[in-house]
Structures are given as structure tokens and as C-alpha cells.
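Structure assessment
Residues per chain, in single letters:
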Amino acid sequence: MRGGIDHQALLSRRDRLFSPDPRLGWVFRDRWWFLRPFPEAPPQRRQLPDYLARRITDTERDARHRLRRTLPASLGVAAILALFAACTASGGGAGTPVPAGALLLALIAATPGTALTLIAVQRRNSARQAYELAHRQTVGGYEEAARRWQARKQAHEAAERARLDGLPEWGAVPRPSRRLDVFGGTLWSWEALLTTYGTSTLAAQPLLVLDLSRELVSGELVSLAQHAWKGVDVQVLPGRQESATLLVDLPPRDLVDAIVESMHGGTPDTARAERSMDDRILTTVCGALNGDITLGRIAAALRALMGEPDTSGALTRDERRRIASELFTVEYRRQAHANLSRIESYLHPLENLGTAPREDHSAGYLTVVALDSRARNVRSELLTDLIVQWVTHRIAATSDSTPAVVVAGADELARRHLERLSDACERRGVPLTFLFRRLRETSAELIGGGAVAFMRLGNNEDATRAADFIGREYRFVLSQITKSVGGNESHTSSDTSGHSDSETYSTSRTTGTSTNWGTSRSSGVTYSGGEMFGLFPDRSTNRQSGSNRGGSRSTSDTTGTSTSTSRNWSATYSYAEGTNWSDTDSTQRVYEYVIEPVTLQHLPDHALLLVESAPGGGRVLTPVECDPAIVTLDRVSLDPLPDPPAPQQAIASGSPATTPGWTAAPPAAPVPREPLPQQPGPPPGHRSGPRHGPPPLFGGKS
């Protein structure tokens, strides 16, 4: 352990790459997506009954009224009576006692107000105590329920975290079909894909890799396979072509076909006569070599037919004499001299291929045939075609289990060769994978023969072709935004004037007679002395009587004249303004790319977009991460992830608790668009607000 990293554990996790079921990489799915929300709704604080608050209000008002009015009035009356008793006692002399009746009346006057006030105050206090008790009970019950609810929620969340910690987040993406075409990517992304796919394939069957990238992108796969004690056979051409065993197991007929196809397969317009003549020459030469057939001996035999000197020593003197004199006539050799020269020139760079095979050579569980970085000449081009022909004949000739085949850098191969290899693999159930750097010419003609995967396609034309292959779909998009602002203003004025004169005459006469008469009497009794506790004065008696009678008569005459003149005028002015605005969004159904070309141009290095055909038609897109280092992370599964269940939504606050279970989330409301930057308002240059001062010619006057 160094720096907090267990390197031994990482190495052990790296060995997990060699697990069955071939995979292209992994797909990520957040485990928190499976989080089940706490099903219980939070407790709600119960509202106190309204009558408690109303009771407090009523008792407060009653107590305030008693304290401010009833009690002061009652005590005031009692005080007045007490003061009157005190004054009476003081007026009678020094020894005059205070009247007990006055004090009793004062006490009686003070008692009702005081009692009513005490009752009102007691009712107010009782209402307050009842409210406080109900409040304490409600708050205490709510806090206890909230505490228990929070404890249950924390326990649920802890259990969910423990459950989710055991769920994988990275799931394997299995190989989709027998054939897979990968377009785009860099050398680093190819290396990652070969490592991830190759290691998982080696756990199930042998693997044959044709590394034509000339940068040995299969190097990491070879290193891991050697570390895992897998049988590895690496043949690097042309640097070590002497020890190569490509053509060792091919019979003469297949070898001739491989040479002819590698020479003419990429040019379908070649005359059939030329192909037929080359095939006859090579077949006759191979038959004359008595079973010891190599490319060097074939080239030496061709030089013998042309009469060219040969210092290679590949043929004996008898073989050279017999080939030069007995295989073909002089006339035929003269006519076929161009074919002989072309075939010899083709085979000359490859004469030493397989001339010094390794003594410990054995068929590897992982076989890698790679072109080194110096293979950028005619020899490498010849080797490239010959390697593909060798693989095609090897697969077509065997009936036993054959290894999975990967061709990295298939851009330079002829379409005819690739189609033959694809047909041979498909017929025999051999998984085949092509890796193309670009999507053009040969690769563009082959796309669609199986499952297709796209890595980064930096070229715009390649990305556009890939987007066209993925297809288009209908969708609704925002097509138009309209903003309008308007205003209106109106002014109205009116002037009215008038004049009127009137004259009124009136005459009235009034006559009336009135007579009044009446009789009045009055009597009274007055007492004085000490009766009734000395509170009443002395009694006296007074009697009066009288009568009166009278009458009156009146007459009046009234004559009057009235004249009135009136003049009026009025002026009115009205002002009104208004502002209106509108903000409109329009959506439109469009037919656009499912994946835009710019997205394919900027994919991450290890990202791969897998395109498969859906069972019922259409397509299925799967984003894949092919970085082999993912296997060293936590929560990585070597099996595909199961289909996710329907998501849940948490119960909103205030809703009743329901039985726990999966519930489908309603579709989310669209996010509102950000408002337009310009605030709505009156048009520019508009003067808002009322005008000051009277309008012109107010009242009809200047």
C-alpha cells in the first residue's frame, strides 16, 4: 500500500478483464436512480380550534371594558357616597358619628362593579390558560411525531444507502452480433477497445488480430495475455517476416489463389485473361516444385522461366533445368514474359517470408499479425493483401472451431477482399470486427453489413455520413420567439356656455282668527325635620288656583315680485393612456438528425456509440465506455445491467401517507424559458403621466 492505493488489489481487478462473454465496454447508470424515497409524509402541525382564539379575544375585550369603565364607575359612586357621609359627619360637629347608612350604600355601590370585573378577569385568565395548555399539547405532540418520523426516515435512508452501495453502476455491453464495424477513433481509443474486447473474448475462444495500423495498437492486449499465461503468437511484419508462419499451412491450390487475389483482387477491372494466365503459371510452377513450396522457390522458378540469373540457391540445378526447358514452350514463355515479370516482381520482396520459422512455434490462443511502423512501402502493401487472403482461406478451409477475428486498420483493404472475409466468417459463425479510421470509399460501401459503432470522427464529411446512417426523427423544437410592445394615448376636451333670465310675480292673502282660554291650579306639600335618617328637610304646604281666557284675530295681504338671472359655463378635459405587450413562443415539428455531426466530431477518446437494429424496426443507440481501466473501479459488473424499474417520486408535504411501493413519476413540467431581456413598457419617447395645468381655452376663455 503506497499513497492510499492498493496496487496489488488493482492488479487483481485487472485480471477480471479475462472473464467470459465478449464485451465492448461498459455503460454507466447512477445507482442513486434506484433510490426509493421515504413513503411516509411528514407530520403536520394540528391547528388549534378557532373557538379558543375567539374566547381569548372576547374575554380580553370584556375584561378591558370592565377594568376601564365598570370598575371605575362603581368605585367612583362608592367614593362619592363615602365622601358625602364624611361631609355630613363633619358638618354635625366634632362628635357626630359617620352615618352608617352612607357607608353601607357606598359598599353596595362598589360591590357590583368589583364583582363583575373580577369575574371578567378570571374568565380572561381561564381562556389564556386553556389556550396555552392546548398549544403545549399540540406542539409537544407535533414535536414527538416529528422526532419519530425523522428517526424512521433516517433509518430508511441508511437502509437505502446500504442497499444501493451493493448495486453496480457500470454494466457490461455485450458484443451485439457476429459482425461489428467500428468507424473513427484514435490509436489510443483503438488500443483500449482491443484490450477490453480482446481480453473478454480470450476467456471464451481463441482470437486472431490483424493489426494493420502500423503502430502496434494490439501491444497492450499482448502484454495482458502474456501476463495471464495465455498462449500468445505475435508475428511482426516485415521486420521479422523470416520467422513468420503465415503460409506454412496453406496447400498449393490455396496459396496460388491467395497470391492471385492479392495481386488482382483490389482492381476488379483487370482483364480476366491476365488473371487466368497468372493462375496457370503459378499452378504449373507449384506443381514442378515437388511439394516444397515457398515464395522464394516460386520466385526462383519464375526467374528460371525468364532466363534470368539466380544466386539465391533456392532451386537445385536439375530443378532449374527442368523448369526452364520442360514447363512451357519457348513461344509461350515469350508471350507470357510480362506476366512472369509482374509475378516475380510481386514475390521478390516476400521471398524470405517464412524461411526461418521458430523452433518453438505453436499455434497461439492469441495470434497477432501486425505491421510495424516501418512498413510504409510496397512490401507492406503486398503483405497487407496477402495477410487478408491467408486469413480468408484459413477460415474457409477449416471445419473446426475457428478464432474470433479482428482487423484493425481495414481502410487500405479492397472491398472485394473484405466482403469475402465477411462472408466466410458469417457462414461459419466466426465473430468478425472491422476497425476503420475514416468513413469513406471502401468503408462507406461496407457500412450496414452488421452492427455499427462510431468513435470520434473528426472530419466533418465522415461525421455527416455517420449522422445520415444513424438517421433522423421528428421532434418539436422552439422555432420562433415574438415580442411586441405597443401603447396608445387619447385626449378629449369640451367647452360649454349658457345664459338665462327669469322674472316671477306672486300675490298672497291670509286671514285668520284664534281664541284661547284655560284654567290652571297648583298645590304642593313640603316636609322638614329629622325623618328618614335626617336626610329630608322640613315639610311645608302651598296651594294656588287661577283661570284665564283670551282671543285674537289677524288678517294679512302679501304681494311680491322676484327677478333672477343666471349664467353658466363649463370646460372638461380627459386624458387616457395604455400600454400593451405580448411574449409568444412557437414550436414546430422538424425532421432532424438523431445525433448531430458535431456531436460525433467531439466524442471523448474512449467513447463509443453503438447502433443496433431494434427487433420491431428502428434503431437502438447505446453509449459505451471502452476504457479497460474501468474494471478497477468499484461497483463494476461484468454482466449487463438489468432493466431499470419505473422511477418513484417522493410524497409531497401535506399529502396523506400511502402504502410504500413503486410509483411512476409524472412527466416533468417543461422548464420555463428565460424572460426577454427588455422589460415591457411604453414605446420609446412616450411621455407618460397626466398633464399639468388646464387645457387651452379653459372655460371658453383665452
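Counting secondary structure elements, the protein chain contains 17 helices and 13 strands. In the protein chain, which comprises 702 residues, the share counted as buried stands at 33%. Long-range contacts, defined as pairs at least 24 residues apart, comprise 81% of the intrachain contacts of the protein chain with a sequence gap of at least 6. Carbon and sulfur atoms form 53% of the exposed surface of the protein chain, whose accessible area is close to 41,800 Å².

Here the focus is the side chain of T245. Secondary-structure assignment places T245 in the loop between β5 (232-237) and α6 (252-264). A distance of 3.0 Å separates polar atoms of two side chains, one belonging to T245 and the other to Q235.

So, on to the pattern of salt bridges. The tally for this structure, following the rule as stated, stands at 33 salt bridges. One network of salt bridges, in which partners are shared, links R31, D165, E169 and R635.

This next bit is on helix α4 (residues 187-202). Taking 1.5 Å of rise per residue, the 16 residues of α4 would be expected to cover 22 Å, and the 22 Å separating its terminal C-alpha atoms lies within 8% of that figure. For α4, the buried fraction is high: 14 of the 16 residues fall into the buried class.

Moving on, we come to the packing of α6 against helix α11 (residues 337-347). Packing of α6 against α11 brings their axes to within 12 Å, and their N-to-C directions diverge by 95°. Put simply, α6 runs roughly perpendicular to α11. In this structure, α6 contributes I259, S262, M263 and H264 to the contact, and α11 contributes R342, I343, Y346 and L347. By residue class, the composition of the contact of α6 with α11 is five nonpolar, two polar and one charged.

Moving on to the nonpolar core. Of all hydrophobic cores here, the largest spans 81 residues; its most connected members are I298, F454 and L600. At nine residues, helix α8 (residues 295-306) tops the list of elements feeding residues into this core. Not counting chain neighbours up to four residues away, the residues in contact with I298 comprise L255, I259, L282, V285, C286, L289, I293 and L347. Core analysis: the second largest hydrophobic core is formed by 39 residues, L193, L194, V631 and L638 among them.

Another point: helix α15 (residues 460-470). Within α15, the full set of buried residues consists of D462, A463, A466, A467 and I470. Projected onto a plane normal to the axis of α15, the buried residues spread over an arc of 135° and lie on a single side. For α15, the side-chain oxygen to backbone nitrogen distance between the N-cap and E461 is 2.9 Å, and the N-cap itself is N459. Following α15 by one or two positions, G471 has its phi on the positive side, about 110°.

The subject of this paragraph is the side chain of T138. One can find T138 in helix α3 (residues 100-165). Here T138 falls in the buried class, since its relative accessible area comes to 9%. Setting aside residues up to four positions removed in sequence, T138 forms contacts with R45, R46 and L48.

Before going further, it helps to spend a moment on the packing of aromatic side chains. Going through the model one piece at a time under the given rule, you end up with nine aromatic pairs. Between F38 and W149, the aromatic rings sit 5.7 Å apart at their centres with planes inclined by 65°, giving edge-to-face as the arrangement. Placement of F38 in the loop between β1 (23-28) and α2 (50-91) and of W149 in helix α3 is noted, with a sequence separation of 111 residues between them. Given the relative accessible area of 12%, W149 is considered buried. Plain terms: the ring middles of Y474 and Y591 are 4.6 Å apart, the flat faces sit at 40° to each other, and that makes the pair tilted. In this pair, Y474 sits in strand β10 (residues 472-528) while Y591 sits in strand β11 (residues 538-593), placing the two residues 117 residues apart along the sequence. On the accessibility criterion, Y591 (46% relative accessible area) is partly exposed. Cluster of aromatic residues (ring-pair linked, three or more members): F183, F434, F436, F454 and F469.

For the pair α6 and helix α7 (residues 272-288), interaxial distance at closest approach is 10 Å and the crossing angle is 145°. Here α6 runs over α7; the crossing is right-handed. Across the interface between the two elements, R253, V256, D257, I259, V260, E261, M263 and H264 from α6 touch R275, D278, D279, L282, T283 and C286 from α7. Its residues placed into classes, the contact of α6 with α7 shows six nonpolar, two polar and six charged.

The omega torsion across L237 and P238 is -5°, close enough to zero to call that bond cis. Secondary-structure assignment places P238 in the loop between β5 and α6. Positioned with a positive phi, N290 is a non-glycine residue whose angle comes to about 60°. Looking at the secondary structure, you find N290 in the loop between α7 and α8. Look at N290 and you get exposed, because its relative accessible area is 59%.

Another point: the confidence of the model for the protein chain. Low pLDDT marks regions whose predicted coordinates should not be analysed in detail. Confidence in the prediction for the protein chain averages 79 pLDDT; 76% of positions are at 70 or higher. For the protein chain, the element scoring lowest by mean pLDDT is helix α16 (residues 531-534), at 42; strand β8 (residues 432-436) scores highest, at 96. Note that pLDDT drops below 50 for residues 525-541; the model gives that stretch 20 contacts with residues more than four away or on any other chain. Considering only residues more than four positions removed or in separate chains, one finds that residues 649-702, a stretch of pLDDT under 50, has 66 contacts.

Moving on, we come to a nonpolar patch on the surface. A cluster of nonpolar side chains, L104, L105, L107 and I108, forms an exposed patch at the surface whose accessible area comes to about 400 Å². Judged by its relative accessible area of 48%, L105 falls in the partly exposed class.

Of note, G354 is situated in the loop between α11 and β6 (366-371). Accessibility expressed as a relative area gives 23% for G354, which makes it partly exposed. Distance from G354 to L246, taken between C-alpha atoms, is 7.3 Å for residues 108 residues apart in sequence. Among residues more than four places away in sequence, those in contact with G354 are Q241, E242 and A244.

Let us now look at the pairing of strand β3 (residues 179-183). Counting buried residues along β3, five of its five residues qualify, which places the element largely inside the surrounding structure. Relative to β8, β3 is paired through five bridges, and the arrangement is parallel. Its bridge partner being in β8, F183 is matched across the sheet by F436. Both β3 and strand β9 (residues 451-454) contribute to a ladder of four bridges, which runs parallel. Across the sheet, residue L180 finds its bridge partner in β9, namely A451.

As for its placement among the helices and strands, A146 is situated in helix α3. Sequence separation between A146 and R45 is 101 residues, and the spatial gap between their C-alpha atoms is 9.2 Å.

How each quantity is defined
Positions within a chain are numbered from 1, following the residues in the order the chain's sequence is written. Only residues with pLDDT of at least 70 get local features here, since the model is predicted, and only at 80 or more are side-chain atom pairs given and counted; chain-wide, interface and lining totals rely on the full set of residues. To obtain the side-chain values, all non-hydrogen atoms of the structure were used and water was disregarded. Segments assigned H or I by DSSP are reported as helices when at least four residues long, segments assigned E as strands when at least two residues long, and all are numbered from the N terminus. Burial classes follow relative accessibility: with a 1.4 Å probe on protein chains only, a residue under 20% of its type's maximum area counts as buried, one over 50% as exposed, and anything between as partly exposed. Should any heavy atoms of two residues lie within 4.5 Å, those residues are counted as being in contact. Every accessible area reported is derived by Shrake-Rupley at a probe size of 1.4 Å, with residue values counting cover from the shown protein chains alone. For this analysis, a polar contact is any N or O atom pair within 3.5 Å, provided that within protein one partner can donate a hydrogen and the other can accept it, and provided that sequence-adjacent residues contribute only side-chain to side-chain pairs. Each salt bridge in this description consists of a side-chain nitrogen of Lys or Arg and a carboxyl oxygen of Asp or Glu lying within 4 Å of one another. To estimate how far a helix should extend, the number of its residues minus one is multiplied by 1.5 Å. The angle between two axes is taken between their N-to-C directions and runs from 0 to 180 degrees, where each axis is a line fitted to C-alpha atoms and a helix contributes only its stretch in contact. The labels follow the angle: roughly parallel below 35 degrees, roughly antiparallel above 145, roughly perpendicular from 65 to 115, and oblique for the rest. Three residue categories are used. Nonpolar comprises Ala, Val, Leu, Ile, Met, Phe, Trp, Tyr, Cys and Pro, charged comprises Asp, Glu, Lys and Arg, and polar comprises the others, including Gly. Each nonpolar core is a collection of buried residues, namely Ala, Val, Leu, Ile, Met, Phe, Trp, Tyr and Cys, held together in the definition by side-chain atoms within 4.5 Å. The reported arc concerns the directions from the helix axis to the C-beta atoms and nothing else. Note on ring pairs: Phe, Tyr and Trp rings are taken, using the six-membered ring of Trp, and paired if centres are within 6.5 Å. Classes follow the plane angle, with under 30 degrees stacked, over 60 edge-to-face and the rest tilted. Note on convention: near helix rotated counterclockwise from far helix by under a right angle means a left-handed crossing. Clockwise means right-handed. For every residue, the predictor assigns a confidence score, pLDDT, that lies between 0 and 100. Surface patches are defined over residues having more than 30% relative accessible area and no salt bridge, joining like charges when they lie within 9 Å and nonpolar side chains (Val, Leu, Ile, Met, Phe, Trp, Tyr) when within 5 Å. At least two bridges found by DSSP between two strands is the condition for calling them paired.

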